[in-house]
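Listed here are the chains, written in short residue letters.
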Amino acid sequence: VKRTGPNLTYFNQFKLDDKSRALPLFADNTAQYYSGLRLIGGGGTFLNTLCNKGSCEVISWTPIYVKCFGPSGGRLFLNGVAYNSTVPEESLEDFEIGLYCVPPGPGSVIDYKSQDPVEIIKASIRPGSPSGIVRYEASDDIQPVNLFKFNI
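A short tour of the structure in this document, coming up. (Residues numbered from 1 in each chain as written. Predicted model: local features only at pLDDT ≥ 70, side-chain atom pairs only at ≥ 80, totals over all residues. Heavy atoms only, no water.)

### Concerning the state of the cysteines
Put simply, the rule is: Criterion for a disulfide: a pair of cysteine sulfur atoms within 2.5 Å. Summary of the burial criterion: residues with accessible area below 20% of their type's maximum are buried, those above 50% are exposed, and those between are partly exposed, where the area comes from a 1.4 Å probe applied to protein chains only.
With the rule as written, the count across this model stands at 2 disulfides. The side chain of C51 participates in a disulfide bridge whose partner is C56; the two sulfur atoms lie 2.0 Å from each other. Disulfide C51-C56: the torsion about the S-S bond is 105 degrees, which places it as right-handed. Assigned by exposure class, C51 and C56 land together as buried. Taken in N- to C-terminal order, the disulfide-linked cysteines of the chain are connected 1-2, 3-4.

Rendered as C-alpha cells:
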C-alpha cells in the first residue's frame, strides 16, 4: 500500500490480511526483524531473532547504551549490543541477554567469545496485537516497548 499527500509518501510494509506473507512469530531458519521507539528517553529499539530447532539467537540494540560510555572509551552512539546466541525458544518470554560494549578505538568490533558482558539483562519477547507486533521488555529499560516487524 502506498499513500501520498502534500510532501508525504507513506509505505505500509505489510498488510494484516496478507496471509501468504505472514510468518509465525519465530519461524525456523527465518530471521525476524523488529523496530520501535522508546516512549521515555526517545531513540529506537531494534531486535533480531533467528530460531532453528528450538534454539534462538537474539540480538537487541539501541543507538545509545549509557552503561557503555566508559567501557567504549566515551563513544556516545552505537556503543553496545545485547546478544544471546542460545535462547531456548520456549524461554523467549523470560530469558537473559548480555550487554556488550564496543571496545575503544576506531574500527573496533565486539568479540562475543572473548569479551565479557558488562551487564546481564533480563528480557522478554511476547506476541503483540495486531499481528506483526511484539512486546519487548528488558530490565535495563524503563518500560516495555512495542516493536513492529519489518521485512528486509
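### Things to note about the environment of S35
Applied cut-off: Helix numbers and strand numbers start at the N terminus; a helix is a DSSP run of H or I with at least 4 residues, a strand a run of E with at least 2. Should any heavy atoms of two residues lie within 4.5 Å, those residues are counted as being in contact.
Its place among the elements puts S35 in strand β3 (residues 32-37). Each C-alpha atom, one on S35 and one on I133, is 9.3 Å from the other, the two residues being 98 residues apart in sequence. The contacts of S35, once residues within four sequence positions are left out, are T45, F46, N146, L147, F148 and F150.

### Digging into the environment of G36
Relative to the assigned elements, G36 resides in strand β3. Residue classification places G36 among the buried positions, given a relative accessible area of 12%. Distance from G36 to Y136, taken between C-alpha atoms, is 9.7 Å for residues 100 residues apart in sequence. If we skip the residues at most four places from it in the chain, G36 touches G43, G44, T45, N146 and L147.

### Section: the pairing of strand β5 (residues 55-61)
What counts, and what does not: Only when DSSP finds a minimum of two bridges between them are two strands counted as paired.
Burial of β5 is one-sided: the residues C56, V58 and S60 facing one way are buried, the residues S55, E57, I59 and W61 facing the other way are not. Where strand β4 (residues 44-52) meets β5, 7 bridges bridge the pair, whose relative direction is antiparallel. By the bridge assignment for β5, N52 is matched with S55. What sits between the antiparallel neighbours β4 and β5 is a turn of 2 residues, in which K53 has the positive phi angle 55 degrees. Of the strand pairs in this sheet, β5 and strand β6 (residues 80-88) are connected by 5 bridges, and their pairing is antiparallel. The residue of β6 that forms the bridge with C56 is V87.

### Examining the pairing of strand β9 (residues 133-138)
With 5 bridges joining them, strand β8 (residues 119-127) and β9 adopt antiparallel strand pairing. Within the sheet, the bridge partner assigned to A123 lies in β9 and is A138. The sheet contact formed by β9 and strand β10 (residues 145-150) spans 4 bridges and is antiparallel. Directly across from V134, in β10, lies its bridge partner L147.

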